[in-house]
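Each chain is listed here by its residues.
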Amino acid sequence: MKSQNMLHVPEFSSEAECEQWLKDNPYYCAKPFYSRELTQTNESIWCCHWGSPFETLTDLNKYDKTVFKKDQPISDCSYCYKIEESGTTSERFTDSLYTLVHQRDWVDNTDVKSLKLRLDNICNVSCQMCNADNSSLYDKVTGSNVGIIGLNDEIWKTTLEDLKSADILSLLGGETFLSPKTEIILNAEHSLKQVQFQTNCTVYKKSILEAINRVPSVDFGLSIDGIGVVNEYTRWPSKWSKIKRNVERFFQYDFNFIATPVVNIYTALYLDELVDFYYPYMKDGVDIIITPFLCIDPEWMDMSILPANALTAIEERSTKLLDHPVITEFPLQTTGLVESLNSIINVCQNATYNQSMWDEFLVNNAMWDKIQDTSFKDSLPELHSLIYT
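All values derive from a computational prediction rather than experimental measurement.

Criteria and cut-off values
Residues numbered from 1 in each chain as written. Predicted model: local features only at pLDDT ≥ 70, side-chain atom pairs only at ≥ 80, totals over all residues. Heavy atoms only, no water. Buried < 20%, exposed > 50% of the residue type's maximum accessible area, 1.4 Å probe, protein only. Helix = DSSP H or I, 4+ residues; strand = E, 2+ residues; numbered from the N terminus. Pairing = 2+ DSSP bridges. Right-handed = clockwise from strand over helix to strand, strands pointing away. Phe/Tyr/Trp six-rings, centres within 6.5 Å; stacked < 30°, edge-to-face > 60°. Lys NZ or Arg CZ within 6 Å of the ring centre and 35° of its normal.

**Focus on the pairing of strand 5 (residues 168-172)**
Point 1. Counting buried residues in strand 5 gives five out of five residues, a clear majority hidden from the surface.
Point 2. By the alternation rule, side chains of strand 5 split into Ile168, Ser170 and Leu172 and Leu169 and Leu171, which are all buried.
Point 3. Pairing geometry for strand 3 (residues 114-118) and strand 5, over five bridges, is parallel. Across the sheet, residue Leu117 finds its bridge partner in strand 5, namely Leu171.
Point 4. Strand direction decides the pairing type here: strand 5 and strand 6 (residues 194-199), joined by four bridges, are parallel. For Leu169, the partnering residue across the bridge sits in strand 6 and is Val195.
Point 5. With helix 7 (residues 181-186) bridging strand 5 and the parallel strand 6, this β-α-β connection has right-handed handedness.

The structure is reproduced here in structure tokens:
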């Protein structure tokens, strides 16, 4: 049994040194010591993967955070453990690495230094992997009856105070461009060093972009899961022509762009097309980091439940993608891509067929085709053929 003594967190002179320490201490996480995330359901957490959100800020502040310095697993952190077991880098790892090497004072500071806000659930897209709390359109088309939800007045007031001490502000939706609170918080009193902004790329609002542009550093997240009909099918009712036009307008700004495609049962086969889309922009000087994420929730959208012949095709295409020139020409921007491709290949080689989960996919696939008035067979014919031939 591992010791439960308190870990000594040393000073690190390099990222490589810190990476090894975090691998040797897989239960340590720096994030709770400097981060606060507030959700549209008015729950308080330090990261979106925490298993038991707090109902009030008081409850969060009273939590004994020394558990994150003990050499023992924490049940509410199981998401990151699972991600790391798959061979992919977790948020625990990346955020702790950055903090311990570049912002060490954060872990000893009682002020909130990183503030992540899910402002509300207002969204014009109903992604099949989403839920009513995160998308008002999903709520409407599925009849979930959640309604429009968002940060309440008490939390909003506290947030505006925390903003004064924060170095980093992350804005999430819903669709962030559509939230009435987005411009309010960007124009409130702050001394931010960085803004992280996530969008499904279906909306363009210059006033928000100009407000973001006044912050020294901007990480601008692009939630696009595929090209053309692939994205339109999984992020319905988005239109690729509008997304492409907006993306080209976004690229006029000197932001750090982060492409965060979700690799799921529908999109895994087509990841190479998305890389081909970003590659010419990168060659033209646009700073784009490509970091795909494997979908593990909902389980029926996990690519591992696909039949063997579909997984074989995905493995072959992913292996070929490892030789794409974007990886050799832009190694720093594609580190996450290489890790994800290796994880995809590993999943393809080791997946065990699960009939009950496949049956769940069939039910949900039929439901969404009905909701969207689409056809899986017509929208993604290559994948459909691999599954049903």
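**Some thoughts on the packing of aromatic side chains**
Point 1. Taken as a whole and assessed by the stated rule, the structure comprises 38 aromatic pairs.
Point 2. Seen from their ring centres, Trp46 and Trp50 are 5.6 Å apart, and the 70° between their planes marks the pair as edge-to-face.
Point 3. Centre to centre, the rings of Phe277 and Tyr281 are 5.4 Å apart; their planes meet at 70°, and the pair counts as edge-to-face. Placement of the pair is Phe277 and Tyr281 together in helix 11 (residues 271-283), with a separation of four residues, close to one helical turn.
Point 4. You can call Tyr281 buried: its relative accessible area is 17%.
Point 5. Of note, Lys69 hangs over the ring of Phe33, and the distance from its end group to the ring centre comes to 5.2 Å.
Point 6. Looking at Arg249, its charged tip hangs above the ring of Tyr204, at a distance of 3.6 Å from the centre.

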